[in-house]
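Listed here are the chains, written in short residue letters.
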Amino acid sequence: MAHFQAHNMSLVDDSGISLETVETIVQLRARIQHWKSMGESIALVPTMGNLHDGHLALVKAAAESCRRTVVSIFVNPMQFGKNEDFDTYPRTLRDDIQKLSHYPVDLVFAPTIAEIYPQGTETTTQVIVQGLSDILEGEHRPGFFTGVATVVNKLFNIVQPDIAWFGEKDYQQLLVIRQMVRDLALPIEIHALPTVREVDGLAMSSRNNYLDEKQRRLAVKLYRCLRHVVDSSQQGMAYHYAVVHACQELDEAGFMTDYVVVRRREDLEVPSEHDKSLIVLAAAHLGDTRLIDNLAFELM
Ligand code: PAF
């Protein structure tokens, strides 16, 4: 059985595995400064916890990329809209640390909201990534990317990683973070890994936990529709038709579709006929659960 030690929040399980977990910036900085003074490189995997195999793939890659690996676990209130799932978002810190203890992670940073936003989220300095933040996810979730960019920027300043790892499942988020790093000249490399999927193709996501059995069986349709857009586009069908067809199929199956679009992969702009590196992205509600997914593809 796992238990927390009172002061340093180390989690120790039966096999004696211990993983240091700190809550405060001061504690974290002491660690980081020590590593930096020894010339050790640092990788960061920012997460909101409720870790699944997608996160763990990032953790593994991070550990191979740098001498030290930090995983942050923080459900960031600033990136949730008023009617979104901040209150119900799964918080599973104990299980998360247990999972991470099987990986070469050096430190878990699990701050409180007050630690990250001592002045509250309303009055704090914001990082606004222009352009990309206003389309697609940004259009359907106003303020979302400002919340993401603000917290990721803060985590970058706290941890000062050499490399930070993100999943391509949140593809627009990845581009927003790359743009922030470019625009603000942050000395951090952003690395990404492909989406990890369940056996049937559903993209792994903490929000899949909200689905009941029937919805879970249906959910894979999102992936299948994206696959169909890719296959038919590559076979020469104009992707506009494939996209309309995908939306219809999703809505008929019981989804409420926010969008299915094909965009230029590098910047999510509407592609011209010369663009060949594309990506199809979709967002749809199944009951109260909002799912997103994407597939990158090339045209000949
Ligand atoms: O992708 C996520 O889990 C979050 O958006 C992130 C990057 C950890 C910021 O809160």
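Residues numbered from 1 in each chain as written. Predicted model: local features only at pLDDT ≥ 70, side-chain atom pairs only at ≥ 80, totals over all residues. Heavy atoms only, no water.

1. As for the overall build of the chain
Scanning the chain from terminus to terminus reveals nine helices and 12 strands. For 300 residues, the compact-globule estimate of 2.2 N^0.38 gives 19 Å, and the chain sits close to it at 20 Å. Here the C-alpha coordinates of the chain stretch approximately 60 × 45 × 40 Å along the principal axes. Split into buried and exposed, the 300 residues of the chain put 52% on the buried side. Positive and negative side-chain charges of the chain, numbering 28 and 40 respectively, have mean locations separated by a distance of 2 Å. (Helix = DSSP H or I, 4+ residues; strand = E, 2+ residues; numbered from the N terminus. Rg over C-alpha atoms; globule rule 2.2 N^0.38 Å. Buried < 20%, exposed > 50% of the residue type's maximum accessible area, 1.4 Å probe, protein only. Lys, Arg positive; Asp, Glu negative; His and termini not counted. Charge placed at Lys NZ, Arg CZ, Asp CG, Glu CD.)

2. Considerations on the side chain of H52
Among the structural elements, H52 can be located in the loop between strand 5 (42–47) and helix 2 (53–65). A relative accessible area of 18% means that H52 is categorised as buried. At 3.0 Å, the side chain of H52 forms a polar contact with the backbone nitrogen of G54. In contact with H52, not counting residues within four places along its chain, are M204, S205 and S206. (Polar contact = N/O pair within 3.5 Å; in protein donor to acceptor, adjacent residues only side chain to side chain. Contact = heavy atoms within 4.5 Å.)

3. Observations concerning the pairing of strand 5
A large share of strand 5 lies buried, amounting to six of its six residues. Burial along strand 5 is two-sided: the residues I42, L44 and P46 and A43, V45 and T47 are all buried. Bridging between strand 5 and strand 6 (residues 68–73) involves six bridges; their strand directions are parallel. Looking at the pairing, A43 lines up with T69 of strand 6. Following the backbone out of strand 5, through helix 2 and into the adjacent parallel strand 6, one traces a crossover that is right-handed. (Pairing = 2+ DSSP bridges. Right-handed = clockwise from strand over helix to strand, strands pointing away.)

4. Details of the sheet that holds strand 6
Strand-to-strand pairing in sheets goes through backbone hydrogen bonds, with the strands running parallel or antiparallel. What the six strands build is an open sheet, ordered 4-7-6-5-8-9; its pairing is parallel. Strands with a single pairing partner mark the edges of an open sheet, and in this sheet they are strand 4 (21–22) and strand 9 (189–193). Sheet topology places strand 4 next to strand 7 (residues 107–109); two bridges connect them, and they run parallel. Residue pairing in the sheet places V22 in a bridge with F109 of strand 7. Most of the contacts of helix 3 (residues 93–100) go to strand 6, to which it runs at about 165°, and overall it touches strand 4, strand 6 and strand 7. Each of strand 8 (163–167) and strand 9 is contacted by helix 7 (residues 171–183), which is oriented at about 170° to strand 9, the strand it contacts most. (Axes fitted to C-alpha atoms, helices over the stretch in contact; angles between N-to-C directions.)

5. Some remarks on the layout of surface pockets
For the second largest pocket, the calculated volume is near 330 Å³. Lining the second largest pocket are 16 residues, and of these P77, M78, F80, T121 and E122 lie nearest its centre. Residue composition of the lining of the second largest pocket, grouped by class: six nonpolar, six polar and four charged. (1 Å grid on protein atoms, 1.4 Å probe; cavity = no way out; pocket = protein on both sides within 12 Å on 5 of 7 lines; lining within 4 Å. Points joined across faces, edges and corners; volume = space filled by probe spheres on them. Nonpolar A, V, L, I, M, F, W, Y, C, P; charged D, E, K, R; others polar.)

6. Let's talk about the nonpolar core
Within the largest apolar cluster, 47 residues are counted, with the highest numbers of intra-cluster contacts made by L28, V70, F109, F156 and I190. Taken together, the elements giving at least two residues each to this core come down to helix 1 (25–37), strand 5, strand 7, helix 6 (144–159), strand 8, helix 7, strand 10 (256–264) and strand 11 (277–286). For this core, the element with the most residues is helix 6, which contributes 10 residues. Setting aside residues up to four positions removed in sequence, F109 forms contacts with V22, E23, T24, I25, L28, V70, V71, S72, I73, I116, L155 and I158. (Core = buried A, V, L, I, M, F, W, Y, C linked by side-chain atoms within 4.5 Å.)

7. A word on the environment of V108
Inspection of the secondary structure assignment puts V108 in strand 7. Linking V108 and D96, residues 12 residues apart in sequence, is a C-alpha distance of 9.8 Å. V108 has contacts with L19, E20, T21, V22, V71, I73 and L100, leaving out every residue within four places of it along the chain.

8. Description of the site of the ligand
In the region of the ligand, the neighbouring residues are P46, T47, M48, N76, Q79, V148, V151, V152, F166, D170 and Q173. Out of a free accessible area of 290 Å², the ligand has 90% covered by protein chains. Of all the secondary-structure elements, those providing two or more residues to the shell around the ligand are strand 5 and helix 6. Taken together, the residues that form the shell around the ligand break down as six nonpolar, four polar and one charged. (Near = heavy atom within 4 Å. Areas by Shrake-Rupley, 256 points an atom, 1.4 Å probe, with all protein chains shown as cover.)

9. Describing the packing of helix 1 against helix 6
Close contact between helix 1 and helix 6 brings their axes to 9 Å; oriented N to C, the two are set at 50°. On the basis of their axis angle, the class for helix 1 and helix 6 is oblique. Residues I25, L28, R29 and I32 of helix 1 form the contact with helix 6, whose own contacting residues are N157, I158 and V159. The residue inventory of the contact of helix 1 with helix 6, partitioned by class, reads five nonpolar, one polar and one charged. (Parallel < 35°, antiparallel > 145°, perpendicular 65-115°, else oblique.)

On their own, these measurements won't tell you what the molecule is for.
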